[in-house]
Amino acid sequence: MSQLDPERIRLKVGLEIHRQINSSAKLFCACPIIKEEDGKSFRRKFRPSESELGEVDPAALFEARKGIWISYVAGRESSCLVEADEEPPHEVNRYAIETAIMVCRILGSEVVDEIQVMRKMVIDGSNTTGFQRTMVLGIGGSLSVKGRVVGVQTVTLEEDAARILDSKDRERRFSLDRLGIPLIEVSLEPVTASPKEIEEIALALGRLLKATGRMEKGIGSVRQDINISVLDGEIIEVKGVQQLDLISKVVQFEAERLLWLNELAKIMKERGLKKGFMNQQVFDVSTLLSGTSSKIILAGIKKGERALAVKVKGMKGLLSKEPRPNMRLGKELADIARFYSLGGLFHSDELPNYGISKEEVQKIEEALNCDVDDAFLLIVGEENRAKLCIQALCKRIEQALLGAPAETRAAKDNGETRFIRPRPGSARMYPETDIPPIPVTSAMIAKVDQSIPPLWEEQVEQIKQRYSLGEEQAQKIIDSDYLELFKELATSLKLQPTFIATLLTDTIVSLRRDGFDTSKISEDTLRTLLYSISNGTTAKEASYDILALVAKEGITVDEAINKLNVSTITIEELVRIIDSVIEKEYKTLEEKKELAFSALMGSVMSQVRGRIDGSIVSKILKERIQKGLKN
Amino acid sequence: MTLEGYRGKLLEILSNAKCSIGDDIVIVTESRSIEGVLMPRYQYADAEHLVLKLKNGYNIGISADRIKKIKLIGKGKEPSFATPPKPEQTPGLPKVLILGTGGTIASRIDYRTGGVRAVISSEELYHLVPELSSIAEITTDILFNIYSENMTSEHWSKIATRVAEAIRAGYDGVVITHGTDTLHYTSAALTFALESPPLPVVLVGAQRSSDRPSSDSASNLIGAVKFAAESRAKGVFVVMHDGPSDDELAVHSGVRVRKLHTSRRDAFKSVNSEPVARVKNDKIEILEESIREEKESGSFRLFEKFDDRAALLKVYPGFHHSIIKDLVDNGIRGFILEGTGLGHAPKSSYGAITYAMSKGAFVGMTSQCINGSVRMTVYDTGRDLLSIGVKPLGDMLSEVALAKLMWALGNFDTSEVGDIMTKNLRGEMQERRLL
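What you are looking at is a predicted structure, and each value in this text was computed from that prediction instead of being measured.

### Brief notes about the overall build of chain A
1) Next: When you go through chain A residue by residue, the secondary structure sums to 20 helices and 22 strands.
2) Next: Principal-axis analysis of the C-alpha atoms gives chain A an extent of 100 × 70 × 55 Å.
3) Next: Sequence-distant contacts in chain A: of pairs separated by 6 or more residues, those separated by 24 or more amount to 75%.
4) Next: Distance between charge centres in chain A, computed from 90 positive and 96 negative side chains, equals 3 Å.

### With respect to the interface of chain A and chain B
1) Next: The partner chain B presents 54 residues to the 52 residues of chain A that form the contact.
2) Next: Together, the buried faces of chain A and chain B total about 4,200 Å²; carbon and sulfur atoms form 48% of this surface.
3) Next: Applying the counting criterion to the chain A and chain B interface returns ten salt bridges.
4) Next: Among the salt bridges present, the one from B:D247 reaches A:R43, with a minimum N-O distance of 2.4 Å.
5) Next: Linking chain A to chain B there are 25 residue pairs in polar contact (both at pLDDT 80 or more).
6) Next: Within the residue set of the side of chain A that touches chain B, elements represented by two or more residues are β2 (40-44), β6 (118-121), β7 (131-139), β9 (148-159) and β21 (429-431) of chain A.
7) Next: Top contributing element to the side of chain A that touches chain B by residue count: β7(A), with six residues.

### Digging into the packing of helix α17 (residues 571-584) of chain A against helix α20 (residues 614-630) of chain A
Residues and elements named next belong to chain A.
1) Next: Between α17 and α20, the least distance of the axes is 10 Å, while the angle of their chain directions is 50°. The orientation of α17 relative to α20 falls into the category oblique. Remark: the crossing between α17 and α20 carries right-handed chirality. Facing α17, whose interface residues are I571, L574, V575, I578, D579 and I582, α20 presents I616, V617, I620, L621, R624 and I625.
2) Next: Its residues placed into classes, the contact of α17 with α20 shows ten nonpolar, no polar and two charged.

### Description of the domain arrangement of chain B
1) Next: Domain boundaries assigned for chain B yield domain 1 (8-74), domain 2 (95-302) and domain 3 (310-421).
2) Next: Measuring from the centre of the C-alpha atoms in domain 1 of chain B to the corresponding centre in domain 3 of chain B gives 58 Å.

Cut-off values and rules
Residues numbered from 1 in each chain as written. Chains lettered and ligands numbered in written order. Predicted model: local features only at pLDDT ≥ 70, side-chain atom pairs only at ≥ 80, totals over all residues. Heavy atoms only, no water. Helix = DSSP H or I, 4+ residues; strand = E, 2+ residues; numbered from the N terminus. Contact = heavy atoms within 4.5 Å. Lys, Arg positive; Asp, Glu negative; His and termini not counted. Charge placed at Lys NZ, Arg CZ, Asp CG, Glu CD. Buried area = accessible area lost by both parts, 1.4 Å probe. Salt bridge = Lys/Arg side-chain N within 4 Å of Asp/Glu carboxyl O. Polar contact = N/O pair within 3.5 Å; in protein donor to acceptor, adjacent residues only side chain to side chain. Axes fitted to C-alpha atoms, helices over the stretch in contact; angles between N-to-C directions. Parallel < 35°, antiparallel > 145°, perpendicular 65-115°, else oblique. Left-handed = near helix turned anticlockwise from the far one by under 90°. Nonpolar A, V, L, I, M, F, W, Y, C, P; charged D, E, K, R; others polar. Domains from an automatic or database assignment.

This is how it looks when you write it as structure tokens:
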């Protein structure tokens, strides 16, 4: 990865951090927050409604054009008629409002005098209503990160979306369990900073939110949206970055991609391409391809679908130009085709290939009247859908002339991004008329002010002192999901707090890095394990192996201890094992005297590892060697 | 109005600053300046807050007390609703008339009440649901635009008269958009007013307002128009969701249906019977073949009169008999008593019932159990009431019985009302109820 100069490329990054609030109920109904995947199912189809200002939002239209069906699974425990959009929302959850006010107060945001609940149009099916209910609680404020002051735009409270279960063949399936969970969102002013610094800002904000003690834990409870632009160009919104350490990668990738698209625009202009160059006629080339060996095309035509082609003037070679892996115009186009649920998109830069022969390519080029510099797109699909898609593709290619278009993208696990939809405008907001405006009184604010817990930095200091932890360890335990568990166990068990902290932070992290599914390790598992160590049932050294087995096989701590044979042994048993080793290795001992210690220690440890403290083994082994030599 | 919903001090501040709804303004408070678009204030919201739309699309309320200054920075356009262009119509399709009466199927956000209000014309609706153009050749007509709770028997007469005109004009079907609260009263009233209609008259509503993407108005309307255009059924029907899904609609007989839920999409259910048809994945499935029976040509008759001097009373523990007497003295000509169980009313009411009948009023009995039929020969109370002259109305729904009574009082001689009420005319009373 090359080093970007944020100032030179005028990199601007705005973060929006969403965190679930650990409320006992959802934002607009009394349903508890429980994960559930079974339940009654039903199907819906959405259409865009007009916004308050009379324009239909482009993003909403884009989704509507797809015309897909959405299936929902409504769990009995986790959802009611409100989530199914079969009953109006109830009053807004007071705890969530208080939490948002608290965040405003900590960030120095000005709390609004009256909360207006809005509907933000989202018709991808992730909300049964077709909109997300959301409200601004605070405006302005700031966050200080390593001497840099980052402005806050808004603090909002909103409902979480339904959880996608699967998406296939123009039908998506969502579970309603997550829909309606209260989320706090803090939007920061854009800053010009390096990808690493952006990550530090996210970390600091995350810590500030968590220190309220009112945030939900676990995977999926934090989501970061990143708004990025370079060279004062259009803003790209990357949605749903869950892992903190992905932020710098996403910023890096996206900045490079935007720079590349700028570069591409220059090349296109050099080639003399001008606005309107993609106003091209679409041709039906199905008959030209009737004898093709491309399976996708054959199967499509057989189903009654059509193969459509369009000339891409002057763009030969540019569709597959790839400045770094997975960064090319052809890929952006493929993402759009996927948006229309069309898999069969080809462009001439990659042909002949995929069963499409050289002759067929030539025939298409002739039909489209292509010059040597011209490229073409070929798409197979149901006629109307393919036509809409090809329109969108032509528009996208035309946009390339201006650099990167404003769009919403999703982050992949490796930090790369992919197109999901055009970026919505503010037209997608209109008032939630089912809920009257909520005045915020000074009494409400005063009540919140009294219950603000210490800030993150103060909490670190407290933990350090109370449990004699080092700075880094105190930070780690506070950043982990186990602060409360740590406090409980460090107070009730005889174990060293540093050991407990290490187990709850470093050990869990190592397990995750080693590929174990740590979500299978519950708080109860950790509690049982630490109790077993504390009362001598197993040894500290066996912790990693026990947890690894629990994560891998889904068994209990006791079962893992038995299976690993790591229940502790007595000193007598240890002496017996040591003596048998000494007896076996008698010759080595005779030759090397004391120098034989390490070989013997290894041999003993292979039999007792995890069952007794290593320092005890070493001490007793030394004694027995001395004794043996004397004899 | 340029400052809709604002009053008092705020109205004054805004007028002085020459602001109108939709203008770009800057609000200066002690701590900061906030730029945005001035939004209307709901009339019933308090007078203390100004509503500003921020650049990011959010609205916030700002207290009048904190406003130091308002700067007008640009005149904006007032919020208005654009209508998409009319789709091209396929020629040669069945002719369907859509009559608009109001309700959730045709509504939008309203700043006056802060709620949802019926404001879209049926024609506009048709523009918003372009699929309709490939199902039928549609004409739209707004009869009135009211919430269905404000519907009266006069409205029923107007609808019936307009449907009769449509029948004479040769339409293939009629669709009536209607608020859902009293939709089943109207469907019953029309069933009686229209004798032997040669086409389907389909009432349709929505449980989610049409201003939201998840509204059931489009799917219900498409299903209703489809049923009106293609089913060849004759009679008055109600088309609404059959369950929570958008791909399955139920078609109910106009006299067997009741709203049974306050908010669900499938609030309407056939009671004591099954739906007569379904529209499933855009296909019509006829479940009750008799709805397609040919009517003798020219047998259609309109009885559009209603007399609303009728009352529907629910009997309950401690039911005060003077209610009946007072109503009779105030000119009420007929009663539907929604009795308990098999059709009972307390002994204490016998006197008042007898008094009502002595004044020539009709008294009929339905059951508040909703499901099942009255059977007044089982217990003493029932037999007593029968002997006084209370008419058992079988498994007729109370709301249907009320509409029928208004219709009977409006079109026939008082002496005939008893016979008409106890006779099954349009399928409103049935002998067989299945397990």
